[in-house]
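Here's the letter readout for the chains.
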Amino acid sequence: MRSRRSCLAVPGSNPRFLDKAQGLPADEVFLDLEDSVAPQAKEQARKNIVAALRTGDWTGKTRVVRVNDLSTSWTYRDVIEIVEGAGDALDCVMLPKVEDAVQVSWLDTLLTQIEKSVGLPVGGIGVEAQIESARGLVNVDAIAAASPRLETLVFGPADFMASINMRTLVVGQQPPGYTEGDAYHYVLMRILMAARTYDLQAIDGPYLQIKDLDGFAKVARRSAALGFDGKWVLHPTQIEAANEVYSPTQEDYDHAELILDAYERSTTVDRRGAVMLGDEMIDEASRKMALVVAAKGRAAGLARTKG
Ligand code: GLV
Ligand code: MG
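Bear in mind the structure is a predicted one, so any value in this text is a computation, not a measurement.

Caption draft 1: Expanded view of the packing of aromatic side chains. All told, the structure shown has three aromatic pairs when counted by the stated rule. With a centroid separation of 6.4 Å and an interplanar angle of 70 degrees, the aromatic rings of Tyr-207 and Phe-216 are classed as edge-to-face. Pair check on accessibility: Tyr-207 and Phe-216 agree, each one buried. Over the face of the ring belonging to Trp-74 we find Lys-42, whose NZ or CZ atom lies 4.8 Å from the ring centre.

Written as structure tokens, this is what we have:
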């Protein structure tokens, strides 16, 4: 699995941003052809993105292009131009506003044809599906199962809030008047269940108040606590916060590695399925929880401080 703690949005119409993004410590960059690019700039943006993928240095980053959604006239040319032009320098295509499984199947088929035509390994390019409407959420299980190319489900809060008529204009914040609980809990959990059922990553969407880093961290912690793997970042200042929030703490990471050691010792040497680690009783389920935290910690480059 690729690390996607921070997924940086870069408008394809802005060559300066395409250049600058290469030096930033985001786990993923997605070069955008959709909502951050004006209709008149879409064609030039395709060319900018192909050039940036071809000639840029994206070492260490997952490279994604977000194409336009299937209700527009742009999607098929987006996919063809990007993949024919730079398919060997691309990890995934992100499809926005996915409403049902056939839309993912369409993209899968088109990618297969292009891969065959230009001599790329078939199935090599992955897909990220944005869930950002009521219909997309209702169909999320079928969408998650639609293609072996799928790597992530991505929550799109801005379009989603518009789709359900949520009564606020501030993405990620609780709508005024909703005083109990978290207005986003259901949708985040619904996406997470579908993602985990089909072994996909779950990624949280953007936080638009880019000067409000505390607000960003608060919203990020909310989805990280549930189990989300990362979040979009719109500005360099949000990257570090996302990388931190979606990595386990050093303490949790050390604890997870200790659980794995103790459990391994108890099952293989002592042949016991449950054992004490300090004051804590651990068993096979503890091992599974520890594996998740340890894997995320290792992927984030953490090193053990307790042996
Ligand atoms: C992202 O695409 C969103 O709509 O929030
Ligand atoms: Mg959107």
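Read on, since the account is not over.
Caption draft 2: Focus on the pairing of strand β4 (residues 92-95). Along β4, one buried face is formed by Cys-92 and Met-94 and the opposite face, lined by Val-93 and Leu-95, is buried too. Bridging between strand β3 (residues 62-66) and β4 involves three bridges; their strand directions are parallel. Looking at β4, one finds that Val-65 is bridged to Val-93. Since β3 and β4 lie parallel, the crossover through helix α3 (residues 75-86) that links them has a hand, and here it is right-handed. When β4 meets strand β5 (residues 126-131), the two strands line up parallel, connected through four bridges. Following the sheet pairing, Val-93 is matched in β5 by Val-127.

Thresholds, definitions, all that
- Residues numbered from 1 in each chain as written.
- Chains lettered and ligands numbered in written order.
- Predicted model: local features only at pLDDT ≥ 70, side-chain atom pairs only at ≥ 80, totals over all residues.
- Heavy atoms only, no water.
- Phe/Tyr/Trp six-rings, centres within 6.5 Å; stacked < 30°, edge-to-face > 60°.
- Buried < 20%, exposed > 50% of the residue type's maximum accessible area, 1.4 Å probe, protein only.
- Lys NZ or Arg CZ within 6 Å of the ring centre and 35° of its normal.
- Helix = DSSP H or I, 4+ residues; strand = E, 2+ residues; numbered from the N terminus.
- Pairing = 2+ DSSP bridges.
- Right-handed = clockwise from strand over helix to strand, strands pointing away.

Geometric values such as these leave the question of function open.
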